[in-house]
Amino acid sequence: MPQTTSTPHVVREFAGSEDGILLVIHAGAGNRGKHDSPERRAQAEQDLRRALEAGYTLLEQGAPAQDAVCAAIRVMEDAPEFNAGRGAALTSTGLAQMDACLMTDDGEVGAVAGVTTARNPIDAARAVKEQTKHVLFAVPDTAQLESWGVATCEPDYFITPDRQRSLAEAQADGDEWEKHGTIGAVARDAEGHIAAATSTGGITNQLPGRVGDTPLPGCGTYANGESAAVSCTGIGEAFIKATAARQVADRINYGGQDPADAAAAALDDVAAHHGEGGMIVIPAHGRGVLAFNSEMMNRGWRSPDGESVQS
Ligand code: ASP
């Protein structure tokens, strides 16, 4: 584990109080990209607010943290602005091939990789967690999804003109790591339980079959009642090599590190693996943390202390 504890180039922000209900979300980190505009940022912020509203309302009603993160994720999956669900990034063959993961602080976890027909991939991840004895399903087909009661749709539903343009540009100009829009949520409920969820279309122009960090527990998504709930976004290969989400939890749990220092150090390790991006962290006890080493991260949080949304 690298010894770095303080990294000036990692942006760190804090959310909420030491205890009590809290919802923190992200919708991708990276560079702003050439299609950035005030209108697109305003749309992203509106969608982030709607996601916070959906998840936080449940926390206020006393619902478990996993219900809140799934509700927030579903709103963002349905928003074509973000790279998950409808509007997912497209593979080199023009397909939306999506990954999602849900993990709770009791160590239970469910994930899917390469799903093409689950209307809300997070629902498929939750079904794996709650209805099977397994952790990760690759390419579950429509029949499998329907047997779990997950709503399905045609693969075309996910494909938007914006993402087709991004794919055409990536194939014409060479890959460029722009703002991505993978989505994630971490929450602490009224009983003090925490959960993490992440959902993505991966990387524009990725080879068919490529899987990033998002559905891999401990890489892009992790939750542990002794430490923290973590959701990551950025260059998945680097987050996998750094086992970034688990690294944050272990730095807190075994290293006694402050959660913000733990996040910054894990992002340093991601950088050492030639990656950039960000993460959101809610410790079992302590303030939420939003950290990134890329140009930007779409992000927001809500607690009894207030709300913040930034893109
Ligand atoms: N981490 C995601 C992946 O590598 C992409 C992203 O967060 O933008 O699949």
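All figures in this text were calculated on a predicted structure; none of them were measured in a lab.

S.K.: Describe the packing of aromatic side chains, listing the residues and the values that go with them.
M.R.: Considering all chains together, one arrives at two aromatic pairs under this definition. Where F137 meets W148, the ring centres are 4.9 Å apart and the plane angle is 90 degrees; that geometry is what we call edge-to-face. One end of the pair, F137, is in strand β5 (residues 136-138); the other, W148, is in the loop between α4 (142-147) and α5 (161-173), with 11 residues separating them in the sequence. Here W148 falls in the buried class, since its relative accessible area comes to 10%.

S.K.: Please provide a residue-by-residue account of the side chain of T214, values included.
M.R.: Tracing the backbone shows T214 in the loop between β7 (194-200) and β8 (221-223). Note on T214: relative accessible area 3%, which makes it buried.

S.K.: I'd like a description of the site of the ligand, backed by residues and values.
M.R.: Near the ligand you find 10 residues, and of these T182, R210, D213, T233 and G234 are the closest. Within the contact set of the ligand, an oxygen atom lies 2.7 Å away from a side-chain nitrogen or oxygen of T233. A total of 270 Å² of accessible area belongs to the ligand in isolation, and the protein chains cover 100% of it. For the shell around the ligand, the residue count by class is no nonpolar, eight polar and two charged.

S.K.: If you had to explain the sheet that holds strand β9 (residues 228-234) to someone new, which residues and values would you point to?
M.R.: The strand order β1-β11-β10-β9-β8 describes an open sheet built from five strands, whose pairing is antiparallel. Each of the sheet's edge strands pairs with one partner strand only, and the pair in question is β1 (11-15) and β8. Within this sheet the neighbouring strands show an average axis-to-axis angle of 10 degrees, counted without direction. For β8 and β9, the ladder comprises three bridges, and the chain directions are antiparallel. Each residue of the ladder has a partner; that of T221, found in β9, is S231.

S.K.: How would you summarise the sheet that holds strand β13 (residues 306-310) if you had to cite specific residues and measurements?
M.R.: Adjacent strands of a sheet pair through backbone hydrogen bonds, lying either parallel or antiparallel. Strand order in the open sheet made by the eight strands is β5-β4-β3-β7-β6-β2-β12-β13, with mixed pairing throughout. Unpaired on one side and paired on the other, β5 and β13 mark the two borders of the sheet. Across the sheet, the axes of successive neighbouring strands diverge by a mean angle of 10 degrees, strand direction being ignored. Running over the sheet, helix α1 (residues 38-60) touches β2 (22-30), β6 (183-188), β12 (296-303) and β13 and is turned about 150 degrees from β2.

Thresholds, definitions, all that
- Residues numbered from 1 in each chain as written.
- Predicted model: local features only at pLDDT ≥ 70, side-chain atom pairs only at ≥ 80, totals over all residues.
- Heavy atoms only, no water.
- Phe/Tyr/Trp six-rings, centres within 6.5 Å; stacked < 30°, edge-to-face > 60°.
- Helix = DSSP H or I, 4+ residues; strand = E, 2+ residues; numbered from the N terminus.
- Buried < 20%, exposed > 50% of the residue type's maximum accessible area, 1.4 Å probe, protein only.
- Near = heavy atom within 4 Å.
- Polar contact = N/O pair within 3.5 Å; in protein donor to acceptor, adjacent residues only side chain to side chain.
- Areas by Shrake-Rupley, 256 points an atom, 1.4 Å probe, with all protein chains shown as cover.
- Nonpolar A, V, L, I, M, F, W, Y, C, P; charged D, E, K, R; others polar.
- Pairing = 2+ DSSP bridges.
- Axes fitted to C-alpha atoms, helices over the stretch in contact; angles between N-to-C directions.
- Contact = heavy atoms within 4.5 Å.

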